[in-house]
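# Observations on the model geometry
The residues making up each chain are set out below.
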Amino acid sequence: MNSLQSISRGAVSSWRTQSNGQRLLRFFLGATWVYAGWVKASDPGFLTAGAPTYIGSQLGAFAQSSPLGPFLNHGVEHAILVGIFVMLSEFAIGFATLLNVAPTSAAFGGFAMATGLWLSSSFHTSPYFLASDSAYAILWLAYLLHMIGKRKMPSVNIERRGVIRTGAIGAIAVLASFAGRAFPKAAAASSSAKSTSKGAKGQIIKLADLPIGGSFNFIHSTQGIPAILFRSKVGVFAYSAICTHQGCTVSYDKGSKQIICPCHGAAYDPAHGAKVLGGPTNTPLGSVKVKVSGAWVVEA
Ligand code: FES
């Protein structure tokens, strides 16, 4: 019997022997982790420096307020590797949970990952129940404890067939990642204006390159954060592009004239102080001081 047959038989029998409550929990967690991997694999910006959803920007934003800040700052230096590791881990944990391959290890991996996300991105979310990461950590822990409770002693399966099955899950995770790259979703909106010349430190864009009603994405030269510059009839203004919910990088959607967060759908109104129009946050985007100096828009 080859490893795929072995996996499918083991998966079918495991689903049969579980209670409805266990099946629901297992399906929800497994499918959510596979979907989380797919969202990253199919996002052309996730591993592309400078894109609104770039993993390095997310890590840098998380580092500003997370208790894991120094660790995350180190991760920014190796952002591509961190992103690939996270994406493959999500696929592997999700498929292993759905297919019952090393399920205890997969549940522990899910618990560790959700706890890491909670400490990284939503540690300061208030009230705490708006942070889904903490809820996922508890769901994984409950599933893990249930499986451990059914055993006399927790053990790790290191027999040859177990190693082959685990290797097959790794191969499925890699294939799923390539499949995501083959079916990319539309890239997040970027600047409507294009800079025609590179300025000195603190110079953002030539005023002539930013039409009234236009926007321009830039990285603040001293704070190192992504930001979005706007020009209206009355002048120029800018906001931090770090979502006030869990720190994802937001982008301006020209169609709706809103700043949108790709992670959980927060929407902000750039024409009114970036106040919140919807989504899981009540805090407007931070303001970034800019002004016109000669021919340039500069950081103030
Ligand atoms: S990070 Fe959750 S809505 Fe932006």
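Residues numbered from 1 in each chain as written. Predicted model: local features only at pLDDT ≥ 70, side-chain atom pairs only at ≥ 80, totals over all residues.

## What to know about the packing of helix α2 (residues 20–41) against helix α5 (residues 79–99)
Contact geometry of α2 with α5 gives a least axis separation of 8 Å together with a crossing angle of 150°. Judged by the angle between their axes, α2 and α5 are roughly antiparallel. Like other packed secondary-structure pairs, α2 and α5 cross with a definite hand, here left-handed. Contact with α2, carried on its side by Arg-26, Leu-29, Gly-30, Ala-31, Trp-33, Val-34, Ala-36, Gly-37, Lys-40 and Ala-41, involves Val-86, Met-87, Glu-90, Phe-91, Ile-93, Gly-94, Phe-95, Thr-97 and Leu-98 of α5 and no other residues of that element. A breakdown of the residues in the contact of α2 with α5 according to their chemical character gives twelve nonpolar, four polar and three charged. (Axes fitted to C-alpha atoms, helices over the stretch in contact; angles between N-to-C directions. Helix = DSSP H or I, 4+ residues; strand = E, 2+ residues; numbered from the N terminus. Parallel < 35°, antiparallel > 145°, perpendicular 65-115°, else oblique. Left-handed = near helix turned anticlockwise from the far one by under 90°. Contact = placed C-beta atoms within 7 Å. Nonpolar A, V, L, I, M, F, W, Y, C, P; charged D, E, K, R; others polar.)

## Quick word on the sheet that holds strand β4 (residues 235–240)
Strand order in this open sheet of four strands is β2-β3-β4-β9, and the pairing throughout is antiparallel. Each of the sheet's edge strands pairs with one partner strand only, and the pair in question is β2 (215–219) and β9 (287–288). When β4 meets β9, the two strands line up antiparallel, connected through two bridges. Residue pairing for β9: Tyr-239 is matched across the bridge by Ser-287. (Pairing = 2+ DSSP bridges.)

## Topic: the pairing of strand β8 (residues 275–278)
Sheet topology note: the strand β7 (residues 267–269)/β8 ladder contains three bridges and is antiparallel. Paired with Tyr-268 across the two strands is Val-276, which belongs to β8. Adjacent in sequence and paired antiparallel, β7 and β8 are bridged by five residues, among which Gly-273 carries a positive phi angle near 70°.

## Remarks on the domain arrangement of the protein chain
Here the protein chain is partitioned into domain 1 (3–182) and domain 2 (203–299). Computed from C-alpha atoms alone, the centre-to-centre distance between domain 1 and domain 2 is 32 Å. With eleven residues of domain 1 at the contact, the number on the domain 2 side is ten residues. If you tally residues by element for the side of domain 1 that touches domain 2, the top one is helix α3 (residues 55–63), at five residues. (Domains from an automatic or database assignment.)

## A look at unusual backbone geometry
For Ala-102, which is not glycine, the phi dihedral falls at a positive 45°. With a phi close to 60°, Lys-257 is a non-glycine residue in the positive phi region. Residue Lys-257 is classed as exposed on the basis of its C-beta count, with 12 C-beta atoms lying within 10 Å. (Buried ≥ 20, exposed ≤ 12 C-beta atoms within 10 Å, placed from the backbone.)

## Some points on the packing of helix α6 (residues 103–121) against helix α7 (residues 132–149)
In the contact formed by α6 and α7, the axes pass within 8 Å of each other and the chain directions differ by 160°. Considered as vectors, α6 and α7 are oriented roughly antiparallel to each other. The two elements α6 and α7 cross, and the hand of that crossing is left-handed. Residues Pro-103, Thr-104, Ala-107, Phe-108, Gly-110, Phe-111, Ala-114, Thr-115, Leu-117, Trp-118 and Ser-121 of α6 touch α7, and the partners they reach there are Asp-133, Ser-134, Tyr-136, Ala-137, Trp-140, Leu-141, Tyr-143, Leu-144, Met-147 and Ile-148. Its residues assigned to classes, the contact of α6 with α7 shows 15 nonpolar, five polar and one charged.

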